[in-house]
Amino acid sequence: MLIDTTTSKIQQLQQAFSELESHNAFLLNLKWKQLEEHFRGLEKSLKNRFVELEAQEKEFETKVTESQQLLEKKEAVVLAKELASLDRLQQKRDAAFSEILGKRKACNANLEPRLNTRVTKSKLEESSKSKHDEKGVVESKPCTELEILCKDMNVEGLHKYISDNRKNLTAIREEVPTALRCAKDPWDLVLDSLKDFYSGDNLVLDGKKDGNLLGMRRTCLMLMESLEQVANSNKNREAGDSLSTSVFKRAKVIAMGWKPKLDLMDMDASNGNSLEAHAFLQLVATFDLISEFGKEELCKLVPAVSRRRQTPELCRSLGLSQKMPGVIDVLVNTGRQIDAVNLSYAFGLTEKYAPVPLLKSYLKEVRKLSNAKSGSMSPGTQNEMEERELSALKAVIKCIEEHKLEDQYPVDPLQKRVAQLEKVKADKRRAVEASKPQSKRARANGSIYTTRVTAPYPEKSFYQRATPERYPYPYGYPVETHPPATIIGAAPYTISPPHTAYYGNGYQVHYQPAPYIH
């Protein structure tokens, strides 16, 4: 269309040129004849180029059509070959199936007499075995050492066996319920095991924990839990398995003796991880002593065990599920919001106690305390406050990930703050190492080597690091904390002292505070 309009455009240009020549003010050296020849030449060349392009387009369309026709023919050939192959495969499959059926029928015909002979022998063997059983000749699996100890009511041997096999505590925990069923009176056996629970005057002597006493107490707790498991499995409680009056009275005497000792302890110092309070509550649950103390009194001890893995199930056994809102209120008011969040999830109370606001308020309190004292703190106290904030951040991140709250509370800003605090901590450690004089000792050959100076800051945490093991402690319990008073006041989650815990076997493990795992 544009090419066809060139003639009219040239005519318009000619008229404009004529008007221009009619003005005497302009002298033009260019004549219209020259302009017309120029534009006519351009028009001709454009038309020739356009014809060439049309010819090439038609040629291309022809090639495309031929290629499509060729492709369709090839597709038809391939489809025909596929159908032919499928037909041949089906024929081979039918032939093989027929052959297998024929051989199977022939094989069954040959095996039928032999099978009849074997069935007859099996019936004869069963009949002979039943006759032996009636006469008292019965083969049984040999008893394990743990079952023998329970069968003999050997309390000391039971404690020693569990202590000696501390590396296999997971397997022992699974075996204890079965072993208790072998005892003449499992109730008396477990009560006998509790006699030395408070044999020592103090759990901590000269700044060190009594490892033997700790190991023995954990064993007692495991035995009470296993006994409750046995009692719950025996729904009908046949004779020999029921809780007799004498056992009930004996358990009551033990519980009454333990309660005053708990009242003298500083439960706040246990930081929700008290072994003694846990053992007392388990004693009450196992021997059905709830009515002797009352639920209100028992609820007061729950904050002392709020971080222990067994706490939710223990509270249900004690019938305290309806009392949990009061317990959670106590935890929130004492600055232990993470324990409150965990218990709210365990008892389905997240609508009443929204987890995200609780976690944010916990971090806000930690930061508020750090900022309030930042101007007047000594370097040591400042390090402790930074360590406190770092541990709090890791604990909150762990809680968010455990309960899948990332959509409501993104962890990226928290992780950035963790990285910042860890960098500050590492820089301070390097600065202290650089300022310390390095001691040098001469070697036998006269050369001198330098001893490496370790960092003065111990790895401390008032809440477990971000990725703890699920059961990192012997007997499945976390190590109990007994922290001293700190110079920064009463903290909601106290920072654990950098000592090691000793167990009854004489071995030591690195001390770490335990997370609440429900």
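Each chain has its residues counted from 1, following the order in which its sequence is written. Where totals are concerned, whole chains, interfaces and linings use all residues; where local detail is concerned, this predicted model gives features only for residues with pLDDT of at least 70, and gives and counts side-chain atom pairs only at 80 or more. Side-chain calculation: all heavy atoms of the structure are included, whereas hydrogens and water are not.

Trainee: Just checking my understanding: could you explain the overall build of the chain for this structure?
Mentor: In this text, helices come from DSSP runs of H or I with a minimum length of four residues, and strands from runs of E with a minimum of two, each type numbered from the N-terminal end. In terms of regular secondary structure, the chain is built from 17 helices and 6 strands. Exposed residues in this analysis have more than 50% of their type's maximum accessible area, buried residues have under 20%, and partly exposed residues fall in between, with area computed by a 1.4 Å probe over protein chains only. Scored against the burial criterion, the 518 residues of the chain give a buried share of 35%. Put simply, 74% of the contacts in the chain that link residues at least 6 apart link residues at least 24 apart. Here the Shrake-Rupley method, with its probe set to 1.4 Å, supplies the accessible areas, and only the displayed protein chains count as covering residues. For the chain, the accessible area works out to roughly 32300 Å², and carbon and sulfur atoms hold 53% of it. Here a residue-residue contact requires only that any non-hydrogen atoms of the pair lie within 4.5 Å.

Trainee: Can you help me understand unusual backbone geometry in this one?
Mentor: Leave glycine aside and you will find that most residues have negative phi; peptide bonds, for their part, are mostly trans. You will see that Met153, though not glycine, has its phi angle at about 55°, which is positive. For Met153, the position within the fold is in the loop between α3 (145-151) and α4 (155-164). Its relative accessible area of 24% is what places Met153 among the partly exposed residues. The residue Asn271 is not glycine, and still its phi comes out positive at about 60°. As for its placement among the helices and strands, Asn271 is situated in the loop between α8 (245-264) and α9 (275-286).

Trainee: Help me understand a nonpolar patch on the surface in this model?
Mentor: Taken together, the side chains of Leu79, Leu83, Leu86 and Leu89 present a nonpolar region at the surface, about 390 Å² in accessible area. Structurally, Leu86 is set in helix α2 (residues 32-134). Here the term patch refers to residues with relative accessible area over 30% and no salt bridge, with like charges joined within 9 Å and nonpolar side chains (Val, Leu, Ile, Met, Phe, Trp, Tyr) within 5 Å. We define a salt bridge as a side-chain nitrogen of Lys or Arg found within 4 Å of a carboxyl oxygen belonging to Asp or Glu.

Trainee: Hey, could you run me through the packing of aromatic side chains in this one?
Mentor: Here the distance between the centres and the angle between the planes together describe a pair of aromatic rings. By convention, a stacked pair of Phe, Tyr or Trp rings (six-membered ring in the case of Trp) has centres within 6.5 Å and planes under 30 degrees apart, an edge-to-face pair has planes over 60 apart, and any other such pair is tilted. Applying the stated criterion to the full structure yields 5 aromatic pairs. Seen in terms of ring centroids, Phe197 and Tyr198 are 5.1 Å apart; in terms of plane orientation they differ by 65°. Their pairing is edge-to-face. When the ring of Phe280 is compared with that of Phe293, the centres are 5.2 Å apart and the planes differ by 80°; the resulting orientation is edge-to-face. Within this pair, whereas Phe280 is found in helix α9, its partner Phe293 is found in helix α10 (residues 290-293), the two being separated by 13 residues in sequence. On the basis of relative accessible area, Phe280 is assigned to the buried category, the value being 1%. In this scheme, the term charge over a ring applies when either NZ of a lysine or CZ of an arginine sits within 6 Å of the ring centre and within 35 degrees of the ring normal. It is Arg217 that lies over the ring of Tyr198; its NZ or CZ is 4.9 Å from the centre.

Trainee: Got a minute to help me understand the nonpolar core in this structure?
Mentor: Across soluble globular proteins, nonpolar side chains have a tendency to be buried as a group. Put simply, a nonpolar core is a bunch of buried Ala, Val, Leu, Ile, Met, Phe, Trp, Tyr and Cys residues held in one set by side-chain atoms that sit within 4.5 Å of each other. Of all hydrophobic cores here, the largest spans 92 residues; its most connected members are Trp258, Phe280, Phe287, Leu298, Leu318, Leu359 and Val396. With 11 residues, helix α7 (residues 211-233) is the single largest residue contributor to this core. When neighbours within four sequence positions are excluded, Phe287 is seen to be in contact with Trp187, Val190, Leu191, Leu227, Leu243, Val247, Phe248 and Ala251.

Trainee: Which parts of the structure should I look at to understand the pattern of salt bridges?
Mentor: Charged atoms that come close allow side chains of opposite charge to pair. Considering all chains together, one arrives at 25 salt bridges under this definition. Residue Lys47 is joined to Glu43 by a salt bridge in which the shortest nitrogen-to-oxygen separation is 3.4 Å. Residue Lys47 and its partner Glu43 are located together in helix α2, separated by 4 residues, close to a single helical turn. Taking relative accessible area as the criterion, Glu43 reaches 8% and is therefore assigned buried. The residue Asp188 makes a salt bridge to Arg250 at a minimum N-O spacing of 3.1 Å. Of this pair, Asp188 sits in helix α6 (residues 186-193) while Arg250 sits in helix α8, and the two are 62 residues apart along the sequence. We classify Arg250 as partly exposed; its relative accessible area is 30%.

Trainee: How should α9 be read in this particular structure?
Mentor: Residues spaced three or four apart along an α-helix point in a common direction, a consequence of the helix completing one turn every 3.6 residues. Its 12 residues give α9 an end-to-end C-alpha distance of 16 Å, which sits within 8% of 16 Å, the value for a rise of 1.5 Å per residue. The element α9 is largely enclosed, with a buried count of 12 among its 12 residues. Within α9, burial applies to Leu275, Glu276, Ala277, His278, Ala279, Phe280, Leu281, Gln282, Leu283, Val284, Ala285 and Thr286. Buried residues in α9 make contact with α6, α7, α8, α10, α11 (295-299) and α12 (311-317). Where α9 begins, one side-chain oxygen reaches toward the backbone nitrogen of Ala277, 3.1 Å away; that side chain belongs to Ser274. The span one expects for a helix is its residue count, reduced by one, times 1.5 Å. N or O atoms closer than or at 3.5 Å make up a polar contact, with two conditions inside protein: a donor-capable atom paired with an acceptor-capable one, and, for residues adjacent in sequence, both atoms drawn from side chains.

Trainee: Could you clarify how one ought to interpret the environment of Gln282 in this entry?
Mentor: In this structure, Gln282 sits in helix α9. A relative accessible area of 3% means that Gln282 is categorised as buried. Those residues in contact with Gln282, other than ones at most four positions away along the chain, are Leu221, Met224, Glu225, Glu228 and Leu314.

Trainee: Is there a simple way to explain the packing of α7 against α9 in this structure?
Mentor: The packing of two helices is summarised by the inter-axis angle and the distance between the axes. Note on geometry: axes are C-alpha line fits, over the in-contact stretch for helices, and angles between N-to-C directions span 0 to 180 degrees. The geometry of α7 relative to α9 is characterised by a closest axis approach of 9 Å and an angle of 25° between their N-to-C directions. When the axes of α7 and α9 are compared, the pair comes out roughly parallel. The element α7 and its partner α9 pack so that their crossing is left-handed. Contacts between α7 and α9 pair Leu214, Arg217, Arg218, Leu221, Met224, Glu225, Leu227 and Glu228 from the former with Leu275, Glu276, His278, Ala279, Gln282, Leu283, Ala285 and Thr286 from the latter. Split into classes, the residues belonging to the contact of α7 with α9 amount to 8 nonpolar, 3 polar and 5 charged. Oblique is the label for every angle not falling under 35 degrees (roughly parallel), over 145 degrees (roughly antiparallel), or within 65 to 115 degrees (roughly perpendicular). Should the near helix be turned anticlockwise from the far one by less than a right angle, the crossing is left-handed, and should it be turned clockwise, the crossing is right-handed. Only Asp, Glu, Lys and Arg are considered charged in this grouping, and only Ala, Val, Leu, Ile, Met, Phe, Trp, Tyr, Cys and Pro are considered nonpolar; every other residue, Gly among them, is considered polar.

Trainee: How should I be thinking about the side chain of Glu147 in this particular structure?
Mentor: Within the secondary structure, Glu147 is located in helix α3. Side-chain polar atoms of Glu147 contact the backbone nitrogen of Thr144, separated by 3.1 Å. Each residue touching Glu147, except ones within four places of it in the same chain, is listed here: Thr178, Ala179 and Cys182.

Trainee: Hey, could you run me through the state of the cysteines in this one?
Mentor: Note on terminology: a disulfide is the covalent bond linking the sulfur atoms of two cysteines. Two cysteine sulfurs form a disulfide in these notes if their separation is within 2.5 Å. Scanning the entire structure with this criterion turns up 0 disulfides. This cysteine, Cys315, is not joined by any disulfide, and Cys299 carries the nearest cysteine sulfur, 7.4 Å off. On the basis of relative accessible area, Cys315 is assigned to the buried category, the value being 3%.

Trainee: How should the packing of α4 against α7 be read in this particular structure?
Mentor: Across the interface, α4 lies against α7 with an axial gap of 10 Å and an inter-helix angle of 105°. Between α4 and α7, the angle falls in the class roughly perpendicular. On α7, the residues that touch Leu158, His159 and Ile162 of α4 are Met216, Thr219, Cys220, Met222 and Leu223. For the contact of α4 with α7, the class distribution of residues is 6 nonpolar, 2 polar and no charged.

Trainee: Hey, could you run me through the confidence of the model for the chain in this one?
Mentor: Keep in mind that low pLDDT regions are not for reading the predicted coordinates in detail. A score between 0 and 100, pLDDT records how confident the predictor is in each residue. Here the chain averages 78 in pLDDT, and 72% of its residues register 70 or above. Within the model, pLDDT remains below 50 along residues 236-240, and this stretch shows 6 contacts once partners closer than five positions in the same chain are excluded. Segment residues 448-518: pLDDT under 50, and 210 contacts once partners within four positions in sequence are set aside and those in other chains are kept.

Trainee: I tried to follow α8 on my own but got confused; where do I start?
Mentor: With 20 residues, α8 should cover 28 Å at 1.5 Å per step; its first-to-last C-alpha distance of 30 Å lies within 8% of that length. Looking at α8, one finds that the buried residues are Val247, Ala251, Ile254, Ala255, Trp258, Lys259 and Leu262. Taken end-on, α8 shows its buried residues confined to a sector of 155°, consistent with a single buried face. For α8, exposure combined with an orientation more than 90 degrees from the buried face picks out Thr245, Ser246, Lys249, Val253, Asp263 and Leu264. Looking at the buried residues of α8, the elements they touch are α6, α9, α10 and α11. Relevant arc is that of directions from the helix axis to the C-beta atoms, nothing else.

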